[in-house]
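Examining the three-dimensional arrangement
If you want the building blocks of each chain, they are given just below.
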Amino acid sequence: MNRQDEIKSNLKIVQDRISIACKSAGRGLEEIKLIAVTKTFAVEDLKILYSLGIRDFGENRDQEASKKSVELPKDINWHFQGQIQSNKLKSICSWAKFIHSVDQIKHAQLISDLRTDSAKSIFIQVSLDDPPESRGGVDPDKLEELASKVSRLPGVVIQGLMAVAPIDNPGTQAFVNLQRIHNLFKSKFPQAKYLSAGMSGDYEMAILHGATHLRIGSSILGKRDQLQ
Ligand SMILES: *Cc1c(COP(=O)(O)O)cnc(C)c1O
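This section reports on the structure supplied with the text. (Residues numbered from 1 in each chain as written. Predicted model: local features only at pLDDT ≥ 70, side-chain atom pairs only at ≥ 80, totals over all residues. Heavy atoms only, no water.)

1. Section: the overall build of the protein
How we decide: Strands are runs of DSSP state E lasting at least two residues, helices are runs of H or I lasting at least four, and both sets are numbered from the N terminus onward. Only C-alpha atoms enter the radius of gyration; for comparison, a globular chain is expected to reach 2.2 Å times N to the power 0.38, where N is the number of residues. Relative accessibility under 20% of the residue-type maximum defines a buried residue, over 50% an exposed one, and the middle range a partly exposed one, all with a 1.4 Å probe and only protein chains included. Whether two residues touch is decided by their heavy atoms; if any such pair falls within 4.5 Å, the residues are in contact. For the area figures, the Shrake-Rupley method with a 1.4 Å probe applies, and any residue is considered shielded solely by the protein chains shown. Charge assignment in this entry is limited to Lys and Arg as positive and Asp and Glu as negative, and neither His nor the chain termini are counted. By convention, charge coordinates are those of NZ in Lys, CZ in Arg, CG in Asp, or CD in Glu.
A count of helical and extended segments in the protein gives 9 helices and 8 strands. In terms of overall size, the protein behaves like a compact globule, its C-alpha atoms giving a radius of gyration of 17 Å where 228 residues would be expected to give roughly 17 Å. Considered along the principal axes of its C-alpha atoms, the protein spans approximately 50 × 40 × 30 Å. Expressed as a percentage of the 228 residues in the protein, the buried residues total 50%. Pairs at least 24 apart in sequence give 55% of the contacts found in the protein among residues at least 6 apart. Accessible surface for the protein amounts to roughly 11300 Å². Of this, 50% is attributable to carbon and sulfur atoms. Averaging the positions of the 31 positive and the 27 negative side-chain charges in the protein gives two centres separated by 3 Å.

In C-alpha cells:
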C-alpha cells in the first residue's frame, strides 16, 4: 500500500469508529472535532491529510510546527498541545490558533501580552495524574482559581479544558472524573464548553464522556519514531 492509501484507510477506520461511538453516546457527529496529531511526521503526510479534508492539525514542538505551517495552505487550524516554554510562546502564537496546554497563569499572561488583533483561544490543561501535575496540567483543586485569573486577561478566551488520561490508569474512572470536573467548570465558566480529550488508545471512551476535541495521531499516521 502506498502512503496515501494507508493514511486514507486509517483515517476512514478512525472516522467510522468516531461515528459509532457518537451513536452509542447519543451524541451528534457535528459535536466532535478530529485533530490529526502530526508531530514527528513529514510535511508530505500532512499534505495527504489535507487532501483528505483534514483542516485541524496538532503539534507539540514550536520549531517543527512553525516550519510545517508555512508549507501548508492557510485555511488550517493549528493546535499547540505540548508543554509550554515561555521563550517559545511568541513563536507558538504566530502559527497556533488554539493552545491546548495552558496550566500556569504566567503563560496565559504572556499570551495576553502577545495578542494581536484577534483573541487567542486556549484550553486549560487539567491533571488527572496522582500525584497531580506530574505530567503537566493544573491540579483540579486549583483549576477554578487559575481560570478566574485567566478569564480576566484581555485577548485570551478559555474554550474549555484539556486532559491526557493517566498512563497507569487508562480506565473509565479518569474520564468519569474529567467529565465531572468539566461539568462543574462549565457551571462557572459557561463559555468553556469544549473538552479536549481522547487520543488513539481511548477516544471512544472520551466521546462517551463528553469530549469534543479528539487528538489522534498514531491510529491515523502509524507509530512515531521518537517518543514525544
Ligand atoms: C502525541 C499526543 C497525542 C496523540 O497521541 P496518539 O496516541 O498518537 O493518538 C494527543 N495528545 C497529546 C497531548 C500528545 O502529546
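2. Things to note about the packing of aromatic side chains
Quick reminder of the rule: Between 30 and 60 degrees the pair is tilted, below 30 it is stacked and above 60 it is edge-to-face, where a pair is any two Phe, Tyr or Trp rings, Trp via its six-membered ring, whose centres lie within 6.5 Å. We call a charge positioned above a ring when the Lys NZ or Arg CZ atom is no farther than 6 Å from the ring centre and deviates by at most 35 degrees from the ring normal.
Inspection of every chain in the model, using the stated rule, returns 4 aromatic pairs. The rings of F57, W78, F80 and W95 are connected pair by pair, giving a single aromatic cluster. When the ring centre of Y50 is taken as origin, the NZ or CZ atom of R55, which lies over that ring, is 3.5 Å away.

3. Topic: unusual backbone geometry
Put simply, D130 and P131 share a cis peptide bond, and its omega is 0 degrees. Inspection of the secondary structure assignment puts P131 in the loop between strand 5 (120-125) and helix 6 (143-151). A positive phi angle is found at T40, which is not glycine, with a value near 75 degrees. Even without a glycine there, the phi angle at E133 is positive, about 70 degrees. Relative to the helices and strands, E133 resides in the loop between strand 5 and helix 6.

4. Description of the packing of helix 1 (residues 3-25) against helix 2 (residues 43-51)
Inclusion rule: Lines are fitted to the C-alpha atoms to define the axes, a helix being fitted only along its stretch in contact, and any angle between axes, read from their N-to-C directions, falls within 0 to 180 degrees. For classification purposes, an angle smaller than 35 degrees is called roughly parallel, one larger than 145 roughly antiparallel, one from 65 to 115 roughly perpendicular, and anything else oblique. Less than a right angle of anticlockwise turn of the near helix away from the far helix marks a crossing as left-handed, whereas a clockwise turn marks it as right-handed.
Look at helix 1 against helix 2: their axes get within 10 Å of each other, and the N-to-C directions meet at 55 degrees. Of the possible angle classes, the one that applies to helix 1 and helix 2 is oblique. Between helix 1 and helix 2 lies a crossing of right-handed hand. Residue-level inspection shows R3, Q4, I7 and L11 of helix 1 in contact with helix 2, the latter providing D45, I48, L49 and S51.

5. Considerations on the site of the ligand
Quick reminder of the rule: Note on definitions. A residue lies near a molecule or strand when any single heavy atom of the residue is within 4 Å of it. We define a polar contact as two N or O atoms separated by no more than 3.5 Å, with the added condition that, inside protein, one atom must be a possible hydrogen donor and the other a possible acceptor, whereas residues neighbouring each other in sequence contribute only through side-chain atom pairs.
The environment of the ligand is made up of V37, K39, N60, Q81, M162, M199, S200, R215, I216, G217, S218 and R224. The side chain of N60 places a nitrogen or oxygen atom 3.0 Å from an oxygen atom of the ligand. Within the side chain of R224, one N or O atom sits 2.7 Å away from an oxygen atom of the ligand. The fraction of the free accessible surface of the ligand (380 Å²) that becomes covered by protein chains is 89%.

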